[in-house]
Amino acid sequence: MRFDLLIEDCILVEVKAVEKVLPIHKAQLLSYMNILDIPLGLLINFHEMRVTEGVSRLILPGANL
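Summary of the structure given here. (Residues numbered from 1 in each chain as written. Predicted model: local features only at pLDDT ≥ 70, side-chain atom pairs only at ≥ 80, totals over all residues. Heavy atoms only, no water.)

Let us look at the overall build of the protein. In terms of helices and strands, the protein carries one helix and four strands. Helices (α) and strands (β) of the protein occur, in sequence order from the N terminus, as β-β-α-β-β. For 65 residues, the compact-globule estimate of 2.2 N^0.38 gives 11 Å, and the protein sits close to it at 11 Å. Overall, the protein is about 35 × 20 × 20 Å in size when its C-alpha atoms are taken along their principal axes. Counting over 65 residues, the protein shows a buried share of 28%. Residue pairs at least 24 apart in sequence account for 50% of intrachain contacts in the protein once pairs closer than 6 positions are excluded. Looking at charge distribution, the protein has the averaged site of its 6 positive side-chain charges lying 7 Å from that of its 8 negative ones. (Helix = DSSP H or I, 4+ residues; strand = E, 2+ residues; numbered from the N terminus. Rg over C-alpha atoms; globule rule 2.2 N^0.38 Å. Buried < 20%, exposed > 50% of the residue type's maximum accessible area, 1.4 Å probe, protein only. Contact = heavy atoms within 4.5 Å. Lys, Arg positive; Asp, Glu negative; His and termini not counted. Charge placed at Lys NZ, Arg CZ, Asp CG, Glu CD.)

Counting residues in hydrophobic clusters, the biggest one holds eight residues: Leu12, Leu29, Tyr32, Met33, Ile38, Leu43, Leu58 and Leu60. Broken down by element, the residue count for this core peaks at three residues, all from helix α1 (residues 23–36). With residues near it in sequence (within four places) discarded, Met33 still touches Leu12, Ile38, Pro39, Leu40, Gly41, Leu58, Ile59 and Leu60. (Core = buried A, V, L, I, M, F, W, Y, C linked by side-chain atoms within 4.5 Å.)

Nothing here speaks to function; it is geometry throughout.
The structure is reproduced here in structure tokens:
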């Protein structure tokens, strides 16, 4: 398993530089979140014109936030 960044044991960050974020990218992040029991995840794609357009926030199903 390889993820990019874990913040305070509560946010998992996965960084990409791809033309288009595919469902498999989100599924990969959700799998990491599930295995590590991390409730929040950010998928950041740096291939966008503005970084804010490339950010996806994921919440682990059943997470107590």
